[in-house]
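Fold and geometry: a report
Now for the letters of each chain:
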Amino acid sequence: AQSVTQLGSHVSVSEGALVLLRCNYSSSVPPYLFWYVQYPNQGLQLLLKYTSAATLVKGINGFEAEFKKSETSFHLTKPSAHMSDAAEYFCAVNAMDSNYQLIWGAGTKLII
Amino acid sequence: DGGITQSPKYLFRKEGQNVTLSCEQNLNHDAMYWYRQDPGQGLRLIYYSQIVNDFQKGDIAEGYSVSREKKESFPLTVTSAQKNPTAFYLCASSLGDRADFNQPQHFGDGTRLSIL
């Protein structure tokens, strides 16, 4: 069965520091991967998605993620954190063998 | 602008009462979803619908019911059988084409349900 693991329920960084949020997935077929951001009391907003066109994916708000098949990872990074980045971030995978339902990670709360 | 509208933003339920959460989308999406979000647990799928007049149970469907009479609408009823309904409920939609596994889901701003 597919699964998504986000390492660390909370990550704290200083303003201007590198942001690294970790996501590992398990899937028996090539996956499609997504990162979403959720601000307090709001819905989720798509940050970026991996669809096999390129392993390094650039998203909104200066975020990017790199797909590493050998490590089954899709970590989210941003070179310099800003106060406005404080939110909860969710990684999700959509694989053909999951009846194309999104499998969600538990989320990581980014504290600036 | 196209999007998903959830209402109300806050809802209170008395014991033994059914309540209905509204979800409307004007994105012309075929698929719609309801999720429940509890602190520290991520999103859990309640029900989803890929086409009008058809829907399937998700992981935690017990105590909930849905209908899909129109493409743009997917209301969720929290019944009295749901003993712990306090949560944040999110509605989402996507194109839903089985060939488009890379299509993201688009979300409404959620409804927060509490017990009186």
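Anyway, here's the lowdown on the structure attached to this text. Each residue is numbered by its place in its chain's sequence as written, counting from 1. Both sets of labels track the order of writing: A upward for chains, 1 upward for ligands. Residues qualify for local features only when their pLDDT is at least 70, as the model is predicted, and side-chain atom pairs are given and counted only at 80 or more; totals for whole chains, interfaces and linings, by contrast, use all residues. Side-chain metrics rest on all non-hydrogen atoms present in the structure, leaving aside hydrogens and water.

**Focus on the layout of surface pockets**
The pocket and cavity definitions rest on a 1 Å grid over protein atoms only: a 1.4 Å probe that fits but cannot leave marks a cavity, an open set with protein on both sides within 12 Å along at least five of seven lines marks a pocket, and residues lining either have an atom within 4 Å of a point. Grid points are joined across faces, edges and corners, and a volume is the space filled by probe spheres set on the points. By volume, the largest pocket amounts to about 370 Å³. Gln38, Glu88 and Lys109 of chain A together with Gln37 and Arg112 of chain B are, among the 20 residues lining the largest pocket, the residues nearest its centre. We count a stretch as a helix when DSSP gives it H or I for four or more residues in a row; a strand needs E for two or more, and each element gets its number in order from the N terminus. Looking at the lining of the largest pocket, the elements that each hand over two or more residues are strand S9 (87–94) of chain A together with strand S9 (87–94) and strand S11 (111–115) of chain B. In the scheme used here, Gly and all other residues not listed as nonpolar or charged are polar, with Ala, Val, Leu, Ile, Met, Phe, Trp, Tyr, Cys and Pro taken as nonpolar and Asp, Glu, Lys and Arg as charged. In terms of residue class, the lining of the largest pocket is made up of eight nonpolar, eight polar and four charged. Looking at the second largest pocket, its volume works out to about 230 Å³.

**Overview of the sheet that holds strand S6 (residues 56–58) of chain A**
Residues and elements named next belong to chain A. In this description, strands pair whenever DSSP reports at least two bridges between them. Judged by pairing direction, the sheet is antiparallel, and its five strands sit side by side in the order S1-S3-S8-S7-S6 without closing on themselves. Bordering the open sheet on either side are strand S1 (3–7) and S6, each of which pairs with just one other strand. For this sheet, the mean angle separating the axes of adjacent strands, direction not counted, is 20°. Relative to strand S8 (residues 73–78), strand S7 (residues 64–68) runs antiparallel, the two being bridged by five bridges. Counterpart to Lys68 in the pairing with S8 is Ser73. Here, axes are lines fitted to C-alpha atoms. For helices the fit covers the stretch in contact, and angles between N-to-C directions go from 0 to 180 degrees.

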